2 protein chains.
Amino acid sequence: MENAIRVFSGYLNSRGLKLTRERKAVLQQLFSHQGHLEAEELVHGLRRRKARASRATIYRTLDLLVQSGLVRKVDLGQGHSHYELALDRPHHEHMICLECGRVIEFSDKTIHRSLDELCKRERFKRTSHRFQVFGYCQGCVNRKAAVK
Amino acid sequence: MENAIRVFSGYLNSRGLKLTRERKAVLQQLFSHQGHLEAEELVHGLRRRKARASRATIYRTLDLLVQSGLVRKVDLGQGHSHYELALDRPHHEHMICLECGRVIEFSDKTIHRSLDELCKRERFKRTSHRFQVFGYCQGCVNRKAAVK
DNA sequence: CTTCTTGCAAACCATTTGCATCATT
DNA sequence: AATGATGCAAATGGTTTGCAAGAAG
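Asker: For this particular structure, what's the right way to read helix α1 (residues 2–14) of chain A?
Answerer: For an α-helix, the turn length of 3.6 residues means that residues three or four places apart are oriented alike. Residue and element names in this part refer to chain A. With 13 residues, α1 extends 18 Å from end C-alpha to end C-alpha; this agrees with the ideal 18 Å at 1.5 Å per step. Along its buried surface, α1 packs onto α2 (21–32) and α4 (55–68). Following α1 by one or two positions, Gly16 adopts a phi angle in the positive range, close to 65 degrees.

Take a look at the structure:
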């Protein structure tokens, strides 16, 4: 967390930008909520801890955080973006429960290897990838079975 | 194509819906453009062949086509949906060129196998998955090199 | 004729932007 | 003081919806 602020501050400095109260607050809020936050949750979270920041500022800050490499913007297929901390967290994929919204992270060497081979075969220079699996998590499957 | 219209018609009938001129036209347009269409391209395509249909109708029809299983809605990370024919086309993934927008389709048994194992391990009942690779296609890489 | 469809315009929702005001360096 | 940053409200872009008028079964 302290470390993250240092990194962010460094990034901002390197482009002549400023580390404001609002920017710090957004980063802190991301840390308090370890999961996959959406912009709207940040608005409310910040409001709750009286560190309000406008939606505009939040979006602008998220952009900076993504550019700095501290945060990843992820699309969980819900029509709006989610943001997750990237610091010290290797790239991973998401399984998304269509019932409860739970997100299970995973990462698989075999898949990555196959992917790299594929790119070589197709002469495609990949810069990133995104793998999402939609379905139902154990809990929701059980719950449904119980209802029947 | 004829076959697809039959399937669609059957689907509509089964729910007491009607096969209208507009709905037929949308399906035809999807066939004429074999790739990954976006809604806006349908609007213009239909307008060109004087088979105009309003945006509202196009979106409503696409919904029906997706529900009928004839069409897949895909998210290529461009902020709006694309639609591709699903009839007789196995599920596949997409590599998307960030420069020219080209989409390369692929499908890989090893990846699918690893994925199924992962789901079993996580006790996740998957219903679908989506795999996207972003990067640059050969042509764009070459073009860039030439410019330098 | 009844029910479903269409087109239009307005509504929506997430996100972005212009601009006057405010805060950091 | 100078340059950036903020908040607001308006704009955007894709998509959805309410409703009156029109067409398919």
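Picking up where we left off.
Asker: Honestly, unusual backbone geometry in this entry has me stumped. Any pointers?
Answerer: Trans is the common state for peptide bonds, and a negative phi is the common state for residues other than glycine. Of note in this structure, Arg123 of chain A is not a glycine but carries a positive phi near 55 degrees. Of note, Arg123 of chain A is situated in the loop between α5 (109–122) and β6 (125–137). On the accessibility criterion, Arg123 of chain A (55% relative accessible area) is exposed. Phi at Lys50 of chain B takes a positive value of approximately 40 degrees, unusual for a residue other than glycine. With respect to the helices, strands and loops of the structure, Lys50 of chain B is situated in the loop between α3 (39–48) and α4 (55–68). Owing to a relative accessible area of 76%, Lys50 of chain B belongs among the exposed residues under this scheme.

Asker: Whenever I open this one, the packing of aromatic side chains confuses me. Can you help?
Answerer: The description of two aromatic rings rests on the distance between their centres and on the angle between their planes. If you walk through the whole model with that rule in mind, you get three aromatic pairs over all chains. Here the aromatic rings of Phe106 of chain A and Phe131 of chain A are separated by 6.1 Å at their centres, their planes lie at 70 degrees, and the arrangement is edge-to-face. Within this pair, whereas Phe106 of chain A is found in strand β5 (residues 103–106), its partner Phe131 of chain A is found in strand β6, the two being separated by 25 residues in sequence. Seen from their ring centres, Phe131 of chain A and Phe131 of chain B are 4.2 Å apart, and the 5 degrees between their planes marks the pair as stacked. Taken together, the positions of Phe131 of chain A in strand β6 and Phe131 of chain B in strand β6 (residues 124–136) put the pair across two chains. Judged by relative accessible area, which is 2%, Phe131 of chain B ranks as buried. Through pairs of rings, three or more aromatic residues link up here, namely Phe106 and Phe131 of chain A together with Phe106 and Phe131 of chain B. The side chain of Lys144 of chain A reaches across the aromatic face of Tyr136 of chain A, ending 3.9 Å from its centre.

Asker: Would you take a moment to explain the side chain of Glu38 of chain B for this structure?
Answerer: All names here are of chain B. Summarising the element assignment, Glu38 is placed in strand β1 (residues 37–38). Buried and unpaired, Glu38 has Arg55 as its nearest opposite-charge partner, separated by 9.6 Å. A polar atom in the side chain of Glu38 sits 3.1 Å from the side chain of His80. With sequence-adjacent residues up to four places away left out, Glu38 is seen in contact with Gln78, His80, Ser81 and His82.

Asker: Please explain the sheet that holds strand β3 (residues 81–85) of chain B as it appears in this structure.
Answerer: All names here are of chain B. Strand order across the open sheet formed by three strands is β1-β3-β2, with antiparallel pairing between neighbours. Two strands bound the open sheet, and with one partner strand each, they are β1 and β2 (71–75). Looking at chain direction, β1 and β3 are connected through two bridges and run antiparallel. Among the inter-strand pairings, Leu37 is bridged to a residue of β3, identified as Tyr83.

Asker: How should I be thinking about the environment of Ala146 of chain A in this particular structure?
Answerer: Residues and elements named next belong to chain A. Structurally, the position occupied by Ala146 is in helix α6 (residues 138–147). When its relative accessible area of 63% is taken as the criterion, Ala146 is described as exposed. C-alpha of Ala146 to C-alpha of Phe8: the two residues are 138 residues apart in sequence and 48 Å apart in space.

Asker: Please explain the relation of the copies chain A and chain B as it appears in this structure.
Answerer: What relates the pair of chain copies is a rotation about an axis plus a shift along that axis. The transform that puts chain A on chain B rotates by 179 degrees and translates by 0.0 Å along the axis, for an RMSD of 0.1 Å. Taken together, the rotation angle and the small translation identify this as a two-fold axis. Residues of chain A ranked by C-alpha distance from the rotation axis are headed by Phe131 of chain A, positioned 2.2 Å from it. The residues that chain A uses at the interface reappear at the interface of chain B in 100% of cases, marking a shared surface.

Asker: Got a minute to help me understand the protein's contact with DNA strand D in this structure?
Answerer: Neighbouring DNA strand D are 20 residues; Lys18, Arg23 and Thr57 of chain A together with Tyr59 and Ser81 of chain B lie closest to it. When atoms of DNA strand D within 4 Å of the protein are split into backbone and base, the sugar-phosphate part holds 70%. Side-chain polar atom of Arg23 of chain A to a phosphate oxygen of DNA strand D: 2.6 Å apart, as the coordinates give it. Take Tyr59 of chain B: an N or O atom from its side chain is 2.5 Å from a phosphate oxygen of DNA strand D.

Asker: Is there a simple way to explain the packing of helix α1 (residues 2–14) of chain B against helix α2 (residues 21–32) of chain B in this structure?
Answerer: Packed helices, taken two at a time, are described by their axes: the angle between them and the distance between them. Residue and element names in this part refer to chain B. The interhelical angle for the contact between α1 and α2, taken along N-to-C directions, is 145 degrees, at an axis separation of 11 Å. Here α1 and α2 pass one another in a crossing that is right-handed. Seen from α1, the contacting residues are Ala4, Ile5, Phe8 and Leu12; seen from α2, they are Arg23, Lys24, Leu27, Gln28 and Phe31. The class makeup of the residues in the contact of α1 with α2 is six nonpolar, one polar and two charged.

Conventions and cut-offs
Residues numbered from 1 in each chain as written. Chains lettered and ligands numbered in written order. Predicted model: local features only at pLDDT ≥ 70, side-chain atom pairs only at ≥ 80, totals over all residues. Heavy atoms only, no water. Helix = DSSP H or I, 4+ residues; strand = E, 2+ residues; numbered from the N terminus. Expected span 1.5 Å × (residues − 1). Contact = heavy atoms within 4.5 Å. Buried < 20%, exposed > 50% of the residue type's maximum accessible area, 1.4 Å probe, protein only. Phe/Tyr/Trp six-rings, centres within 6.5 Å; stacked < 30°, edge-to-face > 60°. Lys NZ or Arg CZ within 6 Å of the ring centre and 35° of its normal. Lys, Arg positive; Asp, Glu negative; His and termini not counted. Salt bridge = Lys/Arg side-chain N within 4 Å of Asp/Glu carboxyl O. Polar contact = N/O pair within 3.5 Å; in protein donor to acceptor, adjacent residues only side chain to side chain. Pairing = 2+ DSSP bridges. Least-squares fit on C-alpha atoms with pLDDT ≥ 70 in both. Near = heavy atom within 4 Å. Axes fitted to C-alpha atoms, helices over the stretch in contact; angles between N-to-C directions. Left-handed = near helix turned anticlockwise from the far one by under 90°. Nonpolar A, V, L, I, M, F, W, Y, C, P; charged D, E, K, R; others polar.

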